[in-house]
Amino acid sequence: MRKFVILGLLGLLVSCDWFMSKEIKTQKLVDREMQSIDWNELDEYPLFDNCDETDSKTVQKECFETTLLTHFTSTLHEFDFELDAEINDTVYVDFIMDNEGWISVLKIKKNAAVNAQIPEFNAIITRSLKNLPKVAPALKRGIPVSAKFRIPIVLNTK
């Protein structure tokens, strides 16, 4: 008889989850799911109209970066720069794309030679974003999210 009482008490202790409310169970499930998400990885990269949303993430990323670089290159070709010396350097443009598809420059990293010879470089790049073709924001689990990017722009005046 004593064994049955002990087993019964043990069974009640183990079955405490049965008495847990639906809200608590749901919250535990949500918490577990949130911990399993890699928040540093996008499910879908931002897409320009010329990019295919059915492509793999790698192809989407390449299309996004190529379209952006092509846009920056064509913008820079519109200007006639008078330089004192040749430039062969890489400029890094850090920007953020918000969850509505708007792009803002965060930082432009360039060396002193580029800064001295093309002081208007930052303004040109920032202005060129206003003429950027329409872009759909990045997605995480089907929800538009903000994302940071870094694009290298190679300057070669040879």
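Refer to the structure above for everything that follows.
What you see is a predicted model; the values in this text were computed from it and never measured. Each chain carries its own residue numbering, running from 1 in the written order of its sequence. With pLDDT at 70 or above as the cut-off, local features in this predicted model cover only qualifying residues; side-chain atom pairs require 80 or more to be listed or tallied, and sums for whole chains, interfaces and linings still use all residues. Only hydrogens and water are set aside when side-chain values are computed; all heavy atoms of the structure are taken into account.

Enquirer: Before we go on, may I ask you to explain the environment of Ile108 in this structure?
Expert: Here a helix means four or more residues in a row that DSSP labels H or I, a strand means two or more in a row labelled E, and each is numbered from the N terminus. Looking at the secondary structure, you find Ile108 in strand β3 (residues 103-109). Look at Ile108 and you get buried, because its relative accessible area is 13%. Residues Ile108 and Thr126 lie 18 residues apart in sequence; the distance between their C-alpha atoms is 9.6 Å. If we skip the residues at most four places from it in the chain, Ile108 touches Val91, Tyr92, Val93, Phe121, Asn122 and Ile125. When a residue's accessible area, from a 1.4 Å probe over protein chains only, is under 20% of the maximum for its type it is buried; when over 50% it is exposed; and in between it is partly exposed. In this analysis, two residues are considered to be in contact whenever any of their non-hydrogen atoms come within 4.5 Å of each other.

Enquirer: Explain unusual backbone geometry here, please?
Expert: A positive phi angle, close to 55 degrees, is found at Arg141, a residue other than glycine. Topologically, Arg141 is positioned in the loop between β5 (138-140) and β6 (143-145).

Enquirer: Quick question: what am I supposed to make of the side chain of Gln117 here?
Expert: Counting through the fold element by element, Gln117 comes out in helix α4 (residues 112-117). Each residue touching Gln117, except ones within four places of it in the same chain, is listed here: Leu83, Asp84, Ala85 and Ile87.

Enquirer: Help me out: how do you make sense of the packing of aromatic side chains in this one?
Expert: Any pair of aromatic rings gets described here by the distance separating the centres and the angle formed by the planes. When two rings of Phe, Tyr or Trp (its six-membered ring) have centres within 6.5 Å they constitute a pair, described as stacked for plane angles under 30 degrees, edge-to-face for angles over 60, and tilted for the intermediate range. Inspection of the entire model under this criterion finds five aromatic pairs. Here the aromatic rings of Tyr45 and Phe149 are separated by 6.2 Å at their centres, their planes lie at 45 degrees, and the arrangement is tilted. In this pair, Tyr45 sits in the loop between α2 (22-36) and β1 (47-48) while Phe149 sits in strand β7 (residues 147-156), placing the two residues 104 residues apart along the sequence. This pair shows no difference in class: Tyr45 is buried, exactly as Phe149 is. Ring pairing ties together the aromatic residues Tyr45, Phe48, Phe64, Phe95 and Phe149, which thus form one cluster.

Enquirer: For this particular structure, what's the right way to read the pattern of salt bridges?
Expert: Just to be clear on terms, a salt bridge is a Lys or Arg side-chain nitrogen sitting within 4 Å of an Asp or Glu carboxyl oxygen. In total, this model carries two salt bridges according to the counting rule given. Note that Asp43 is salt-bridged to Lys140, the shortest N-O span being 3.6 Å. Here Asp43, found in the loop between α2 and β1, pairs with Lys140, found in strand β5; they are 97 residues apart in sequence, far enough to count as distant. Look at Asp43 and you get partly exposed, because its relative accessible area is 37%. Among the ionic pairs, Asp94 bridges to Arg150, the shortest N-O distance being 2.7 Å. Residue Asp94 is located in strand β2 (residues 88-97), and its partner Arg150 is located in strand β7; the two are separated by 56 residues in the primary sequence.

Treat this as a map of the structure, not an account of what it does.
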